[in-house]
There are 4 protein chains.
Amino acid sequence: MDDGRLSVVVVGAGYWGPNLVRNFNLSPDWHVAAVCDRELDRAERLAWTTRSAVAVASIEEALAIEGVDAVAIATPARTHEAIALAAIAAGKHVLTEKPLADNVESGERMVSAAAEAGVVLMADHTFCYTPAVLKIAELIRAGELGEITFVDSVRINHGLVQPDVDVFWDLAPHDLSILDFILPDGLRPEAVSAHGGDPLGLGKACVGYLIMRLGKGVVAHVHANWLSPTKIRQLVVGGTRRTLVWDDLNPTQRVSVYDRGIDFVTVTEDAERAAAQVSYRYGDTWVPALPEVEALSLMVAEFAASIREDRAPRTDGRAALRVLRVLDATSRSLEAHSAPAEVAAEQKEIIA
Amino acid sequence: MDDGRLSVVVVGAGYWGPNLVRNFNLSPDWHVAAVCDRELDRAERLAWTTRSAVAVASIEEALAIEGVDAVAIATPARTHEAIALAAIAAGKHVLTEKPLADNVESGERMVSAAAEAGVVLMADHTFCYTPAVLKIAELIRAGELGEITFVDSVRINHGLVQPDVDVFWDLAPHDLSILDFILPDGLRPEAVSAHGGDPLGLGKACVGYLIMRLGKGVVAHVHANWLSPTKIRQLVVGGTRRTLVWDDLNPTQRVSVYDRGIDFVTVTEDAERAAAQVSYRYGDTWVPALPEVEALSLMVAEFAASIREDRAPRTDGRAALRVLRVLDATSRSLEAHSAPAEVAAEQKEIIA
Amino acid sequence: MDDGRLSVVVVGAGYWGPNLVRNFNLSPDWHVAAVCDRELDRAERLAWTTRSAVAVASIEEALAIEGVDAVAIATPARTHEAIALAAIAAGKHVLTEKPLADNVESGERMVSAAAEAGVVLMADHTFCYTPAVLKIAELIRAGELGEITFVDSVRINHGLVQPDVDVFWDLAPHDLSILDFILPDGLRPEAVSAHGGDPLGLGKACVGYLIMRLGKGVVAHVHANWLSPTKIRQLVVGGTRRTLVWDDLNPTQRVSVYDRGIDFVTVTEDAERAAAQVSYRYGDTWVPALPEVEALSLMVAEFAASIREDRAPRTDGRAALRVLRVLDATSRSLEAHSAPAEVAAEQKEIIA
Amino acid sequence: MDDGRLSVVVVGAGYWGPNLVRNFNLSPDWHVAAVCDRELDRAERLAWTTRSAVAVASIEEALAIEGVDAVAIATPARTHEAIALAAIAAGKHVLTEKPLADNVESGERMVSAAAEAGVVLMADHTFCYTPAVLKIAELIRAGELGEITFVDSVRINHGLVQPDVDVFWDLAPHDLSILDFILPDGLRPEAVSAHGGDPLGLGKACVGYLIMRLGKGVVAHVHANWLSPTKIRQLVVGGTRRTLVWDDLNPTQRVSVYDRGIDFVTVTEDAERAAAQVSYRYGDTWVPALPEVEALSLMVAEFAASIREDRAPRTDGRAALRVLRVLDATSRSLEAHSAPAEVAAEQKEIIA
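The numbering scheme is per chain: residues are counted from 1 as the chain's sequence reads. Naming scheme: in the order in which they are written, chains are lettered from A and ligands are numbered from 1. Thresholds applied to this predicted model are a pLDDT of at least 70 for local features of residues and 80 or more for the giving and counting of side-chain atom pairs; totals over whole chains, interfaces and linings are not thresholded and use all residues. The side-chain values count all of the structure's non-hydrogen atoms but skip hydrogen atoms and water molecules.

Here we look at the sheet that holds strand 4 (residues 70-73) of chain D
Residue and element names in this part refer to chain D.
- Two strands are counted as paired when DSSP detects at least two bridges linking them. Strands are runs of DSSP state E lasting at least two residues, helices are runs of H or I lasting at least four, and both sets are numbered from the N terminus onward. Ordered in space as 3-2-1-4-5-6, the 6 strands form an open sheet in which the pairing is parallel. Of all the strands in the sheet, the pair left with one neighbour each is strand 3 (54-56) and strand 6 (121-123). Strand after strand, the sheet turns through a mean of 25° between neighbouring axes, direction not considered.
- Relative to strand 5 (residues 93-96), strand 4 is paired through 4 bridges, and the arrangement is parallel. When the bridges of strand 5 are listed, Val 71 appears paired with Val 94.
- Two residues form a contact once any of their heavy atoms are found within 4.5 Å. Helix axes are fitted to C-alpha atoms over the stretch in contact, other axes to C-alpha atoms as well, and angles between N-to-C directions run from 0 to 180 degrees. Seen against the sheet, helix 9 (residues 295-308) touches strand 1 (6-11), strand 2 (30-36), strand 4, strand 5 and strand 6 and runs at an angle of roughly 155° to strand 5.

So, in structure tokens, the structure goes:
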């Protein structure tokens with residue numbers, strides 16, 4: 001294209017593909033070159049909504065289209081690696097749906113390949129581009145909360161039991177990617193314990209509790225649940241200065257910052273005296289105004305910017321790999337009857 | 001007394017004692033004979049509110065009062081055993097605040113002594129006498145929820161850090177006594193895992209997560225937290241037929257029964273087919289009207305009735321001991337880095 | 001068309017037109033023949049989303065298209081009459097946005113013309129096709145509420161001050177059309193009082209209160225407000241048997257039916273005795289499950305059904321005229337310093 | 001008393017009297033000398049809770065008690081005048097329950113008599129001493145809201161139909177006394193329109209709407225309702241700079257200040273241009289922390305302070321008379337079929 005736009009192929013015309021296509025199509029940064037799906041009909045219907053894209057039935061055809069800069073992958077997780085490696089081999093930048101892959105080794109190969117090829121590898125951790133999460137990350141980085149004391153995330157509703165994954169792999173990637181984004185050092189827990197409930201005897205967890213030890217006595221907890229009659233999406237981030245609540249289902253008050261905390265003076269060996277040295281603050285609550293922006297439009301803009309500026313995007317492959325490693329540890333903890341599982345060390349060559 | 005009332009001594013005139021005195025005093029079943037507190041001033045001020053009670057400074061004096069039928073203990077947990085055993089030895093019926101004692105062995109000695117003496121030993125598990133919990137227990141026993149699929153209890157707020165106990169021993173007795181009351185077979189978990197956060201370095205958990213495996217893939221979970229900026233007291237009981245939410249802070253809609261569930265046909269070995277056999281129901285919601293009654297007035301009435309009818313009260317010593325055993329397992333799990341701890345077997349001689 | 005579909009022209013490609021086009025286009029009953037807008041560009045962009053429609057710039061061109069059965073008008077209210085009369089004169093069925101017209105006389109001419117021509121005239125009172133309002137109407141007709149005792153509707157938010165209408169004409173048509181739909185006898189108030197606030201000196205009401213006397217001591221009240229910082233859309237319908245609340249912004253509990261009421265025995269002349277004969281009921285609350293359906297899809301289906309079955313649609317021109325008469329009375333009351341204004345009598349020849 | 005406390009007699013031991021007695025008794029400013037009630041038994045039971053008060057059966061006996069400084073009247077409104085005039089004649093300061101009296105003339109005589117006698121006459125407008133209302137008044141006086149644009153108060157619930165008064169006289173005194181307290185110039189409406197619903201044929205309004213024109217296009221509206229299934233106590237005060245919502249049933253967020261408003265530049269004669277000059281602000285929301293104090297304890301402290309400092313109390317007789325005049329206008333408007341009623345002019349001699 002001569003108009004300075006980047007050209008993208010969207011692979012997968014199922015559940016999420018149309019959202020990507022719509023946002024790429026509305027973006028001043030992007031031109032949708034093709035929609036790719038094994039079911040050509042489906043690809044055609046989606047391509048048609050763009051006025052520009054052609055429909056193709058294979059990644060080979062897609063990569064053969066002249067001038068394609070990037071490939072966006074919205075297919076099941078188990079197919080991400082093959083598509084991504086083919087795209088990277090062809091020199092294309094890659095965006096994948098969450099999770100990055102269905103196992104850590106695949107994710108590591110994808111990150112390595114992109115690093116070697118010098119292309120961007122980015123994960124569509126959509127929630128990280130919502131105005132609420134952007135504001136939360138900004139507040140934490142600015143020190144508004146002080147030191148983080150605990151993190152509690154609840155994501156429950158009467159959801160569909162998925163045929164191929166448990167409730168952790170289905171829902172927790174959202175929470176984990178958000179935590180990776182907002183925690184000052186990213187999501188690097190010392191250990192992960194997972195507790196699953198399978199009351200229907202389906203052979204996998206429908207009710208999940210995930211505990212991550214973040215060091216210094218700080219615990220992050222995720223409750224993921226397909227069987228709840230009510231829908232809750234709430235994140236609490238406790239801090240020594242202030243504490244924050246994100247209620248994603250309350251459109252008029254998504255983020256509340258409570259000026260409540262514990263002013264702690266010194267620790268002594270005597271428990272009673274220590275308690276006496278704790279003092280409580282009950283201050284005002286503040287609800288920052290948030291802009292009304294669609295997260296996906298910010299996400300595709302960040303993808304374009306990272307390519308043009310030759311830098312890692314905010315939710316890059318390494319971030320996605322951190323999420324994947326925690327999911328992997330979750331599964332190992334479940335297999336070990338909820339014993340704490342260590343999170344695999346990051347490969348130095350990748351980090352460097 | 002000639003008026004047919006039972007006569008009670010209330011021991012402890014601190015935080016909870018006045019509530020007991022007020023309810024005993026208002027009850028047609030009871031006559032408050034004495035208030036007992038080491039600080040005689042405090043005992044006198046409380047006794048004075050009854051028009052009938054004398055103030056005494058020791059349990060010995062209290063037990064020496066003629067015609068006393070029962071002793072109600074509202075002192076710290078570590079003092080319960082000595083007071084209770086003295087009262088039981090004097091042939092008095094005993095009511096104790098929660099928890100029954102500060103260790104399992106003490107609790108067992110109390111239960112044994114009461115059984116041998118043939119007196120009532122009851123725990124003031126106040127929440128079990130609220131209209132909401134009574135309704136929940138009734139619905140579960142009537143089969144309205146079907147089989148229980150999960151239990152999730154959240155009890156968090158900006159609370160006082162206690163000098164002598166952690167957040168589990170401070171808050172979870174409420175949840176555990178409620179679970180013991182509403183679960184068809186009482187609270188008898190196979191194993192207990194506890195995860196504590198101590199971000200302030202106080203040497204004890206301020207943020208607590210407790211997972212209890214109830215068998216058949218059913219998990220009960222409790223979140224207890226002193227550091228939350230917002231107050232939540234919510235219990236969700238999932239069932240195969242219906243699911244129930246108790247929101248104790250919503251006075252106009254405390255208990256909601258959702259006719260939502262998963263209609264499950266048969267289990268096959270194939271996960272995908274099993275999933276296909278899951279069907280979802282989204283039915284009406286029903287909010288039962290609840291009477292406005294003070295729980296403590298029902299509690300003291302039950303104490304009187306159990307004495308007169310020579311039967312175990314609803315929240316008897318054995319129930320309180322089950323709660324105590326889970327708290328004990330919680331502490332052992334915490335010491336074992338959150339490894340699952342078994343709950344001590346119940347003593348047959350006590351159960352029989 | 002040979003496929004049995006009805007053919008419609010949508011006039012007006014501004015704010016609401018796209019919603020109509022999308023729903024007609026998705027409906028199995030309809031084929032969109034053309035989009036008509038003075039700004040041909042805008043018409044073309046909208047027509048293009050249908051794969052079937054052509055774009056035209058005048059109603060004359062639209063009516064000249066062969067095989068058109070109906071015209072849907074989504075232009076400003078002051079233009080409705082001319083377009084509708086042209087369409088009716090050409091033998092087309094007509095759907096108009098709310099309100100039917102910007103004055104009663106225009107509305108009456110439209111209803112008369114349609115009646116004489118034997119074509120359907122329908123108003124797009126969208127809310128009357130939401131699952132919530134359909135359920136409310138069903139409950140009232142089934143006698144579940146008993147006799148209606150009062151109606152209170154609040155529709156307030158931080159809204160845009162409209163250049164050409166006041167807050168009554170902007171927001172109240174929603175409430176009035178809903179009331180006309182759910183009240184057993186339609187909206188036929190004896191008198192209307194309107195109170196407007198104009199604190200910004202804009203020369204028109206930004207804050208509006210509308211009181212309608214429905215007879216037998218029953219009052220319906222509407223609060224419409226552009227200046228509220230919070231958004232509320234709530235309708236309460238009191239009844240002698242039960243009372244109903246519709247909270248349109250609570251997706252998990254839109255309609256609640258309270259089994260609360262006043263059981264009233266007999267009226268005596270003595271006010272004190274009358275009061276003594278009032279008894280109160282505090283029963284359960286019931287939240288009926290509602291289907292997830294887009295109201296506009298039900299609306300276009302009703303338009304098609306009324307044409308095919310040669311009957312009046314649910315929200316026909318007469319219903320829209322009743323709404324218009326109340327709006328007209330509102331303006332007259334405002335001019336008369338809030339004195340009650342009578343609602344113009346319905347023309348017998350039209351009703352018959 | 002030698003301890004510097006003021007001595008008060010509480011008249012009326014029914015519904016509200018015990019609250020007054022409890023707060024006078026706990027106050028360091030007050031000594032309860034007597035409780036007076038025609039039913040001496042009732043007076044005795046209440047007097048007994050104070051350790052200091054005697055019980056008497058008539059106001060004459062009460063006034064004969066040596067050293068009494070003040071009389072607090074918690075009897076039905078129709079009896080206020082006689083008791084208050086007797087107390088004033090005896091040189092006592094007077095506190096009355098709301099409303100001040102059951103008619104304007106009585107209220108005027110009470111205010112005149114107190115002014116002439118040089119004693120304090122105060123109304124127990126309890127809500128004006130809640131931390132929420134005190135904060136609202138403070139914010140308005142500090143100019144935080146800018147110019148007030150509208151006031152909307154809703155006070156509805158499933159309440160008891162009162163035998164002797166309508167819903168306006170029962171509930172609206174709360175709203176009116178709050179408005180008088182928070183409005184910069186007090187409650188001095190130009191005209192009052194009242195609309196009542198009497199769907200049960202009780203001969204008085206059970207559903208009430210009250211519209212007060214405050215000048216400059218500003219309207220204050222009160223919705224009082226005994227028949228609502230849900231309880232709402234909400235006050236919205238719109239301002240040109242910010243808008244405030246008080247939700248008295250939300251203990252964790254009673255007062256919210258929305259930085260939303262309309263920035264208005266200039267008024268032109270052209271409505272369309274005027275609209276174009278309106279711009280909207282969507283800023284943050286702020287929830288001020290409020291102390292946990294019982295309003296009545298602040299109220300009795302203010303009563304004492306006004307006596308000692310020889311000044312008018314915050315909610316003095318004149319304020320109560322303004323409330324009474326609006327209630328009187330309400331009744332006159334109801335009799336005149338909701339025609340606007342003027343509010344009686346304040347007597348110059350009283351104001352001066």
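Remarks on the interface of chain C and chain D
- Taken together, the contact between chain C and chain D spans 56 residues of the former and 56 residues of the latter.
- Buried area between chain C and chain D, both sides added, is near 4,400 Å², and the carbon and sulfur share of it is 66%.
- The salt bridge definition used is simple: a Lys or Arg side-chain nitrogen within 4 Å of an Asp or Glu carboxyl oxygen. In this structure, the connection of chain C to chain D is made through 0 salt bridges.
- Definition of a polar contact: a pair of N or O atoms within 3.5 Å, with one able to donate and the other able to accept a hydrogen when the atoms are protein atoms, and with sequence-neighbouring residues admitted only if both atoms are side-chain atoms. Connecting chain C to chain D are 12 residue pairs in polar contact (both at pLDDT 80 or more). In this description, buried area is defined as the sum, over both parts, of the accessible area (probe of 1.4 Å) that is lost when the two are combined.

What to know about the nonpolar core
- Working definition of a nonpolar core: buried Ala, Val, Leu, Ile, Met, Phe, Trp, Tyr and Cys residues. They are joined through side-chain atoms within 4.5 Å. Partly exposed residues are those whose accessible area sits between 20% and 50% of the maximum for their type, while under 20% is buried and over 50% is exposed, using a 1.4 Å probe and protein chains only. By size, the foremost hydrophobic cluster in this structure holds 234 residues, and its most contacted members are C:Phe24, C:Ile182, D:Phe24 and D:Ile182.
- If we ignore the near neighbours within four places in the chain, the residues touching D:Ile182 are D:Val133, D:Ile136, D:Ala137, D:Ile140, D:Arg141, D:Leu235 and D:Val237.

Observations concerning the packing of aromatic side chains
- Under the pairing criterion, centres of Phe, Tyr and Trp rings, with the six-membered ring standing for Trp, must be within 6.5 Å; the plane angle then separates stacked pairs below 30 degrees from edge-to-face pairs above 60, leaving the rest tilted. Enumeration according to the criterion identifies 18 aromatic pairs over all chains in this entry.
- An angle of 75° between the planes, with centres 4.9 Å apart, marks the rings of A:Phe24 and A:Trp30 as edge-to-face.
- You can call A:Phe24 buried: its relative accessible area is 0%.
- The rule is short: NZ of Lys or CZ of Arg within 6 Å of the ring centre and within 35 degrees of the ring normal puts a charge over the ring. The ring centre of A:Phe127 lies 4.8 Å from the NZ or CZ of A:Arg155, which sits over that ring.
- When the ring centre of C:Phe181 is taken as origin, the NZ or CZ atom of C:Arg141, which lies over that ring, is 5.3 Å away.

Comments concerning the domain arrangement of chain A
Residues and elements named next belong to chain A.
- The domain architecture assigned to chain A consists of domain 1 (6-127 + 295-316 + 325-351) and domain 2 (128-286).
- Contact residues are listed per partner, giving 30 residues for domain 1 and 33 residues for domain 2.
- Summing both sides of the interface, domain 1 and domain 2 together bury roughly 2,500 Å²; the carbon and sulfur share of this comes to 66%.
- Interface area lost by domain 1 to domain 2 is led by Phe 127, Val 326 and Leu 327, which between them contribute 31%.
- Along the contact surface separating domain 1 from domain 2 lie 1 salt bridge.
- The shortest N-O distance in the salt bridge between Asp 164 and Arg 78 comes to 3.9 Å.
- Seen at the junction of domain 1 and domain 2, the total is 12 residue pairs in polar contact (both at pLDDT 80 or more).
- Considering each element in turn, the side of domain 1 that touches domain 2 owes the most residues, 8 residues, to helix 10 (residues 317-335).
- Here the side of domain 1 that touches domain 2 is composed, by residue class, of 15 nonpolar, 7 polar and 8 charged. Each domain's limits were defined by an automated method or a database of domain assignments. Gly is put with the polar residues, along with every residue not named as nonpolar or charged; the nonpolar set is Ala, Val, Leu, Ile, Met, Phe, Trp, Tyr, Cys and Pro, and the charged set is Asp, Glu, Lys and Arg.

Here we look at the relation of the copies chain C and chain D
- It takes a turn of 180° to lay chain C on chain D, together with a shift of 0.0 Å along the axis; the resulting RMSD is 0.0 Å. As the rotation angle and translation indicate, the two copies are arranged about a two-fold axis. By C-alpha distance to the rotation axis, the residue of chain C lying nearest is C:Ala339, at 3.0 Å.
- Comparing interface residues between copies, 100% of those in chain C also sit at the interface in chain D, which points to an isologous, same-surface contact. Alignment of the copies relies on least squares applied to C-alpha atoms, considering only residues that score at least 70 for pLDDT in both.

So, the pairing of strand 4 (residues 70-73) of chain C
Residue and element names in this part refer to chain C.
- Here strand 4 shows no split at all, with Ala 70 and Ala 72 on one side and Val 71 and Ile 73 on the other all buried.
- Note: strand 1 (residues 6-11) against strand 4, 4 bridges, orientation parallel. Within the sheet, the bridge partner assigned to Val 9 lies in strand 4 and is Val 71.
- Each parallel crossover has a hand, and the one from strand 4 via helix 4 (residues 80-89) to strand 5 (residues 93-96) is right-handed. For crossovers, right-handed means that the path from the first strand over the helix to the second runs clockwise, given strands pointing away from the viewer.

With respect to the pattern of salt bridges
- Tallied over the full model, the rule gives 64 salt bridges over all chains.
- Here B:Arg242 and B:Asp259 are joined by a salt bridge, their closest N and O atoms 3.9 Å apart. Of this pair, B:Arg242 sits in the loop between strand 11 (227-239) and strand 12 (243-247) while B:Asp259 sits in strand 13 (residues 255-264), and the two are 17 residues apart along the sequence.
- Residue classification places B:Asp259 among the partly exposed residues on the basis of a relative accessible area of 26%.
- Several salt bridges share partner residues, and in doing so they unite A:Glu144, A:Arg242 and A:Asp259 into one network.

Notes on the sheet that holds strand 4 (residues 70-73) of chain A
Residue and element names in this part refer to chain A.
- With respect to topology, 6 strands assemble into an open sheet ordered 3-2-1-4-5-6, the strand pairing being parallel. Of all the strands in the sheet, just strand 3 (54-56) and strand 6 (121-123) have a single pairing partner and so form its edges. On average, adjacent strands in this sheet sit at an angle of 25° to one another, irrespective of strand direction.
- Here 3 bridges tie strand 2 (residues 30-36) to strand 3, and the two strands are oriented parallel to one another.

Things to note about helix 9 (residues 295-308) of chain B
Residue and element names in this part refer to chain B.
- Here the expected span of a helix is defined as 1.5 Å times the quantity of residues minus one. End to end, helix 9 covers 20 Å across 14 residues, agreeing with the expected 20 Å (1.5 Å per residue, within 8%).
- Of the residues making up helix 9, those classed as buried are Ala 295, Leu 296, Met 299, Val 300, Glu 302, Phe 303, Ala 304, Ala 305, Ser 306 and Ile 307.
- On its buried face, helix 9 is in contact with strand 1 (6-11), helix 1 (17-26), strand 2 (30-36), strand 4 (70-73), strand 5 (93-96) and strand 6 (121-123).
- One or two steps after helix 9, the chain reaches Asp 310, where phi turns positive at roughly 50°.

Observations regarding the side chain of D:Thr149
- Here D:Thr149 shows up in strand 7 (residues 148-158).
- Leave out the neighbours within four places in its chain, and D:Thr149 touches C:Pro199, C:Leu200, C:Leu227, D:Val218, D:Val219, D:Gly238, D:Gly239 and D:Thr240.

Comments concerning the UniProt feature "domain: GFO/IDH/MocA-like oxidoreductase" (unreviewed entry) in chain A
- UniProt positions are given in the numbering used here, feature names are shortened, and annotations may be inferred rather than shown by experiment. Using the residue numbers shown here, the UniProt feature "domain: GFO/IDH/MocA-like oxidoreductase" (unreviewed entry) corresponds to residues 134-244 of chain A.
- With 22% helix and 45% strand, residues 134-244 of chain A has its two end C-alpha atoms placed 13 Å apart.

Looking at the packing of helix 1 (residues 17-26) of chain C against helix 9 (residues 295-308) of chain C
All names here are of chain C.
- Direction vectors running N to C along helix 1 and helix 9 enclose 65°, while the axes themselves pass 9 Å from each other. By the criterion of interaxial angle, the relationship of helix 1 to helix 9 is roughly perpendicular. The two elements helix 1 and helix 9 cross, and the hand of that crossing is right-handed. Across the interface between the two elements, Asn 19, Leu 20, Asn 23 and Phe 24 of helix 1 pack against Leu 296, Ser 297, Met 299, Val 300 and Phe 303 of helix 9.
- The residue makeup of the contact of helix 1 with helix 9, split by class, is 6 nonpolar, 3 polar and no charged. Angle categories: roughly parallel below 35 degrees, roughly antiparallel above 145, roughly perpendicular from 65 to 115, and oblique for all the rest. Left-handed describes a crossing whose near helix is turned anticlockwise from the far helix through less than a right angle; right-handed describes the clockwise counterpart.

Observations regarding unusual backbone geometry
- The omega torsion across C:Lys98 and C:Pro99 is -10°, close enough to zero to call that bond cis.
- Tracing the chain through its elements places C:Pro99 in the loop between strand 5 and helix 5 (104-117).
- A positive phi is found at A:His337, a non-glycine position, where the angle reads about 55°.
- Its location among the elements puts A:His337 in the loop between helix 10 and strand 15 (341-342).
- Overall, the relative accessible area of 67% leaves A:His337 in the exposed class.
- The residue C:Asp310 is not glycine, and still its phi comes out positive at about 50°.
- Looking at the secondary structure, you find C:Asp310 in the loop between helix 9 and helix 10 (317-335).

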